[in-house]
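An overview of the molecular structure
Each chain, written out:
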Amino acid sequence: MSRLPKYIEADDVKRILKMTDLIPIIEKAMGDFSKGEDGGVVQPVRSIIPVEKHGGFFGAMPAYSENDAALATKLVTFYPKNAGTGLPTHMAAIILFEPSTGELKSILDGEVITSMRTAAASAVATKYLASENSKILCILGSGEQARSHYKSLHHICNFEEVRVWSPTLKNAQAFSSQLKSKVCETAEEAVRGADVIVTATFAKQPIVEWEWVKPGAHINAVGAVNIKWQELSSELMQKSVVHVDSREAAMKESGDVIISKAEIFAEIGDLVNGTKEAQREKTTVFKSLGIAIEDAVSAKLVYDKHMENQ
Ligand SMILES: NC(=O)C1=CN([C@@H]2O[C@H](COP(=O)(O)OP(=O)(O)OC[C@H]3O[C@@H](n4cnc5c(N)ncnc54)[C@H](O)[C@@H]3O)[C@@H](O)[C@H]2O)C=CC1
Ligand SMILES: O=C([O-])C1=[NH+]CCC1
């Protein structure tokens, strides 16, 4: 047998990975993660190093799930300055190993998985936290995550209206021409009255204020992955019921949490496990940072399906 690892490229990942398969797998992984050792998950907070000269960041994200027999590390770069150059702002590879022997099994494109698993995690949060009658979706940002969230959240709610806002109007218009939605000229216009809100931007200062948000709305805050950056105002964070993917990571990486000093009510995995009760009727925030276990179980799923067809 060849010992050369298989490379699974972006087009294959895109073809193989379906939101309907991914959302339940991510839900289970978030639950296992929040059980700690009892959930069979080993995952440190990722290491992120700045590549200061070029305004970029490089992250290493290892994780092991005993239940899923998934052992992997994602290596990811994020370079906000790539916007508009033709290169993606996030690029990644996931290296998958066989946990029983330590053998290298595969190297997978990590961009598609990053995009889809992040949107799947928000879908899980939305399933537990959004009002059951949610009709209006607001998306701030029109890039990769905005698009994948549009798709994943339609698996959870029957939206009658989707609004999109982005700092560059023509980007919002391009989004809207591909994914049925109404372009808004301001973030406030998009947010007011929305039941579910997604912030998927590279904003460093808050772009959403407490008084714009409909009481009982649910917010998936996906950007601001830096101790100094915020997408949500401190008042909004303080007055909402705040959830995270990883408490430990949020206290280390999230400007939205650290600057606002907002209390973290629960990890999404605690809702999945039933150890904390979802407060659907309140205004809720899921401050997502992205955890390595999401990548490991997604990569394992893609690899297994890919090998079934070989
Ligand atoms: N929580 C998680 O697991 C993950 C989070 N992310 C984060 O999500 C965010 C979006 O990522 P992508 O969609 O992949 O990036 P992208 O580059 O495809 O899109 C970024 C969007 O942010 C907008 N934007 C840029 N500067 C802004 C500003 N100052 N104010 C408002 N909007 C601004 C751009 O117009 C664009 O619509 C980034 O912060 C990224 O780091 C990305 C991957 C995983
Ligand atoms: O989880 C992830 O891969 C990332 N989160 C922020 C940038 C990349």
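Everything below is about the structure shown above.
Residues take numbers from 1 onward in each chain, read along the sequence in its written order. Here the convention is simple: chains get letters from A, ligands get numbers from 1, in the order in which they are written. For a predicted model such as this one, the threshold for reporting local features is a pLDDT of at least 70, and the threshold for listing and counting side-chain atom pairs is 80 or more; totals across whole chains, interfaces and linings nevertheless cover every residue. In computing side-chain properties, one takes all heavy atoms of the structure into account and sets aside hydrogens as well as water.

**Some words on the site of ligand 1**
The condition that has to hold: One heavy atom within 4 Å of a molecule or strand is enough for the residue carrying it to be called near that molecule or strand. Any N or O atom pair separated by 3.5 Å or less is treated as a polar contact, with the protein-specific requirement of one donor-capable and one acceptor-capable atom, and with residues adjacent in sequence counted only for side-chain atom pairs. Under the DSSP-based scheme used, a helix requires at least four consecutive residues in state H or I and a strand at least two consecutive residues in state E, with every element numbered from the N terminus.
Thr89, Ser142, Gln145, Thr201 and Ser288 are the nearest of the 23 residues found near ligand 1. In this structure, His90 approaches ligand 1 through a side-chain N or O atom, which is 2.9 Å from an oxygen atom. Thr118 is positioned with one of its side-chain polar atoms (N or O) 3.4 Å from an oxygen atom of ligand 1. Mapped by element, the contributors of at least two residues to the shell around ligand 1 are helix 3 (111–129) and helix 4 (144–153).

**Some details on the state of the cysteines**
Keep this limit in mind: The term disulfide is used for any two cysteine sulfur atoms that are within 2.5 Å. A simple rule labels every residue: compare its accessible area, found with a 1.4 Å probe on the protein chains alone, to the largest value its type can have, and call it buried under 20%, exposed over 50%, or partly exposed in between.
Taken as a whole and judged by the stated rule, the model has zero disulfides. No disulfide involves Cys138; its sulfur sits 7.1 Å from the nearest other cysteine sulfur, which is in Cys184. With no disulfide of its own, Cys157 has Cys138 as its nearest cysteine by sulfur position, at a separation of 14 Å. Residue Cys157 is classed as buried on the basis of its relative accessible area of 9%.

**Points about the site of ligand 2**
Just so we agree on the cut-off: Three classes are used: nonpolar for Ala, Val, Leu, Ile, Met, Phe, Trp, Tyr, Cys and Pro, charged for Asp, Glu, Lys and Arg, and polar for all others, with Gly counted as polar. For every domain, the bounds stem from an assignment made automatically or drawn from a database.
Neighbouring ligand 2 are the residues Arg46, Met61, Lys74, Phe78, His90, Thr114, Arg117, Val225, Leu289 and Gly290. Within the contact set of ligand 2, an oxygen atom lies 2.6 Å away from a side-chain nitrogen or oxygen of Lys74. At 3.1 Å from a nitrogen atom of ligand 2 is found a main-chain nitrogen or oxygen belonging to Leu289. When contributions to the shell around ligand 2 are tallied by element, the ones reaching two or more residues are strand 5 (70–78) and helix 3. Of the residues in the shell around ligand 2, the class split is four nonpolar, three polar and three charged. Counting contributing residues per domain, the shell around ligand 2 is built from domain 1 (6–113 + 293–308) and domain 2 (121–291), each supplying no fewer than three.

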